[in-house]
Amino acid sequence: MKNSLFSLLLILVLGCSEQPPVTGTDSSGTVQNALDQVDTLLARKAYDAGLELNAQLLQENNVDTLKPRLLIQRMRLFRKKGNMDSLLYYAERYRNWAHARQDSLRLADALWRLGFYHSVNNDVFTSQAIYLDAIELNKAMGDSLMVAKLSNNLTIRLLDMGIHAAAERMAVQGLEYLGDRGPDATRYKLYNGLGRASSEQLQFEEADYWYQKARVLTGDTLPYEIAVIENNRAVNLMRKDDYKQAIVILDSILNSGLLEDSNRAVLMERARITDNLAYSLYKTGIDTIAPLFEKALSLRDSLNDLSGVIASKIHMADYYAGKDLNKANQLSEEALQLAREEGESREQLRALRQLIENAPDARTYALAYRDLKDSLDFIKNKQQNLFAKVQYDAEENRQRNQQLQTEAAERELELARVENRNLVLAIVIAALLIITFLWQRIVKAKHLKERLEEISRTENRISKQIHDELANDVYHTMSYVESNTAVDREPLLTRLETIYRRTRDISKQNAQIPLKEGYEQALKDMLQQFQSKKTNVLTKGIQQIEMGNVSDHKKLVLYRILQEMMVNMHKHAEASLVIISFRQERKKLLVEYKDNGKGTLLNGKRYSGGLANTENRIESVGGSISFDSRPGKGFTATISVPL
């Protein structure tokens, strides 16, 4: 009777009388009709009725093929109602259901949804942890497109948190897994994320490079995306004080007809571009732009775009600071108050900086600025640390550390017993062992350095001899054969030309390297020699390395190792993308080589051929090198050079 009354109510809501009551014994067609009814209720915003019917279906149907759709329907209904607790509960239930059935496809979908919902609920770190789990699962499943999409989601969240270097690495990972065959829409988002990350790190040229690549993918058919990318390019120019070029781009967007649509996202972008144009005009000395500022502010206010209103008021305060100081301070105060209400910390700092410069009671604002800045720095450091722990599996690290602590405690106890028996003798023996060990290391390192320097001199001498003698002789032989008609010339000329090219290649590979001035350019030139139509070679971070702090011997070793890696890639890898990243951590120079080639199976701790050469070279300077590769998964090498 209850079911019949419920169904009658549902029929009245939908305005039809074709559906029979939904019971556990109904046919699959009737259940499908009921599922469609829930979707209709969702579309009509009849959320409570939809939840009631969905709950009945969940109770009466335990078929695995229906369960995912019913749970997803329920999550969508709770999200529309704004009930985050219930939404997260059913998202967890969906994940547990998929995990219990070892259904990888459904589990990947459940992780994606759960990570997104935690992000919407501002639970950033739980969202990150779930996204990383989803990425690893999709890697194992071979779903490169989903890896790229999840990497883009994480990139956006890391950028919002101000963790720019990690965002950059996440976007690069997405591009690596996407390869050359991924959809342009996903690649465009990753390029845009790389542009934002580079611009935030003040790498303006690199940011523009990524924005230009994103712009190519938008073509002429995505007006909103074109406007977003062009505005980001203009903001990048504004950050490096190139306001004139920014004006050209912003004015072109506003007059291009790209933003004629009336939906909220397009109008918000139009307001953003108008405000940026007004600010750029002001920075170039054009004085009559107050109406343009007001136009942007009015549009943002009508859209209830509070973040945009804050940005407009801060820009306008800068403009009025030289004209009407009271109005400038009023705008800064309004921006500060609104930023506090909305939790916009960075905008609070911008408003406080203006008030420190312009307001009479600067000390009060200076103290507020100091406290907020310290708090934000602390939060950012905490966020970076927490993300690192999430990314590298904090639980595994905790267990490993616990084991190491136990072993350390046992060793300390044993050492204490030994010291109690014969403390003086232990100290003497330890001192002798340490001195002997250090002396052996010093002597060994000295001998290795001398031997490698001799090898370098020998290589340069051989290079000169090959170029000046052997190649010259071969060239003269070719000339002689060309002038002697009695010789069967074609086969001979072909072989001699091959020999000539090989000798020149050998000469280039062993040519002398400038280890003082010009080393960075020589290193970049060597890497770019391997750029081709089939292989794209990217270098990152080399400009930030102080090569003057690296000894000539270590520069030579690093150059030869990277040259060996690139030669191996060219011969064997069949890679379309190679990324060489440089960064400095404390007293170490870290270089990471990655390619997306066919990979290889690594067996054992010692290697032969080119890999063995790289190990021998890096050990001579007290450094280390590690390799990671699997068939079909590319090749990675991490090089550590002590400074």
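Everything numeric here is computed off the predicted structure, so don't read it as measured data.

Pairing between the strands of a sheet is mediated by backbone hydrogen bonds and can be parallel or antiparallel. Taking strand neighbours across the sheet as the criterion, the five strands line up as E1-E2-E3-E5-E4 in an open arrangement whose pairing is mixed. The sheet is open, and its two borders are formed by strand E1 (536-540) and strand E4 (624-629), each paired with just one other strand. Averaged over all pairs of adjacent strands, the angle between their axes in this sheet comes to 10 degrees, without regard to strand direction. Here five bridges tie E1 to strand E2 (residues 577-585), and the two strands are oriented parallel to one another. Bridge assignment links Asn536 to a residue of E2, and that residue is Leu577. Against the sheet, helix H9 (residues 164-178) touches E1, E2 and strand E3 (588-595), its axis set at about 165 degrees to E2.

Across soluble globular proteins, you tend to see nonpolar side chains buried next to one another. Core analysis: the largest hydrophobic core is formed by 49 residues, its most contacted members being Leu57, Met75, Tyr94 and Ile135. For this core, the elements supplying multiple residues, two or more each, are helix H2 (28-43), helix H3 (47-60), helix H4 (67-81), helix H5 (84-100), helix H6 (104-120), helix H7 (124-141), helix H8 (144-161) and H9. Here this core gets eight residues from one element, more than from any other, and that element is H5. Ranked by size, the runner-up nonpolar core spans 43 residues in total, among them Tyr243, Leu281, Met316 and Tyr320.

Here the focus is helix H11 (residues 204-218). Helix length check: H11 (15 residues) gives 21 Å between terminal C-alpha atoms against 21 Å at 1.5 Å per residue, within 8%. Taken residue by residue, H11 has Phe204, Ala207, Trp210, Tyr211, Ala214 and Thr218 as its buried positions. Angular distribution of buried residues about the axis of H11 spans 125 degrees; they occupy a single face of the element. Those residues of H11 that are exposed and aimed more than 90 degrees away from the buried face are Glu205 and Val216. Next to the buried residues of H11 lie H9, helix H10 (184-200), helix H12 (223-239) and E1. Two residues or fewer past H11, Gly219 is found with a positive phi of approximately 60 degrees.

With that settled, consider the packing of aromatic side chains. The tally for this structure, following the rule as stated, stands at twelve aromatic pairs. Judged by centre distance (6.4 Å) and plane angle (65 degrees), the ring pair of Tyr243 and Tyr279 falls under edge-to-face. With Tyr243 in helix H13 (residues 243-254) and Tyr279 in helix H14 (residues 264-283), this residue pair connects regions lying 36 residues apart in the sequence. Here Tyr243 falls in the buried class, since its relative accessible area comes to 12%. Cluster of aromatic residues (ring-pair linked, three or more members): Tyr243, Tyr279, Tyr282, Phe293, Tyr319 and Tyr320. Over the aromatic face of Tyr519 sits the side chain of Lys555, whose NZ or CZ is 5.5 Å from the ring centroid.

Here the chain averages 80 in pLDDT, and 79% of its residues register 70 or above. Between residues 1-27, whose pLDDT stays under 50, and residues either more than four places distant or in other chains, the model counts 32 contacts.

Excluding glycine, a negative phi dihedral is what most residues carry, and trans is how most peptide bonds are arranged. Despite not being glycine, Gln102 has its phi angle at roughly 50 degrees, a positive value. One non-glycine residue with positive phi stands out, namely Asn304, at about 55 degrees. Looking at where Asn304 falls in the secondary structure, it is placed in the loop between helix H15 (290-302) and helix H16 (306-320).

What counts as what
Residues numbered from 1 in each chain as written. Predicted model: local features only at pLDDT ≥ 70, side-chain atom pairs only at ≥ 80, totals over all residues. Heavy atoms only, no water. Pairing = 2+ DSSP bridges. Helix = DSSP H or I, 4+ residues; strand = E, 2+ residues; numbered from the N terminus. Axes fitted to C-alpha atoms, helices over the stretch in contact; angles between N-to-C directions. Contact = heavy atoms within 4.5 Å. Core = buried A, V, L, I, M, F, W, Y, C linked by side-chain atoms within 4.5 Å. Buried < 20%, exposed > 50% of the residue type's maximum accessible area, 1.4 Å probe, protein only. Expected span 1.5 Å × (residues − 1). Arc of directions from axis to C-beta. Phe/Tyr/Trp six-rings, centres within 6.5 Å; stacked < 30°, edge-to-face > 60°. Lys NZ or Arg CZ within 6 Å of the ring centre and 35° of its normal. pLDDT = per-residue confidence, 0-100.

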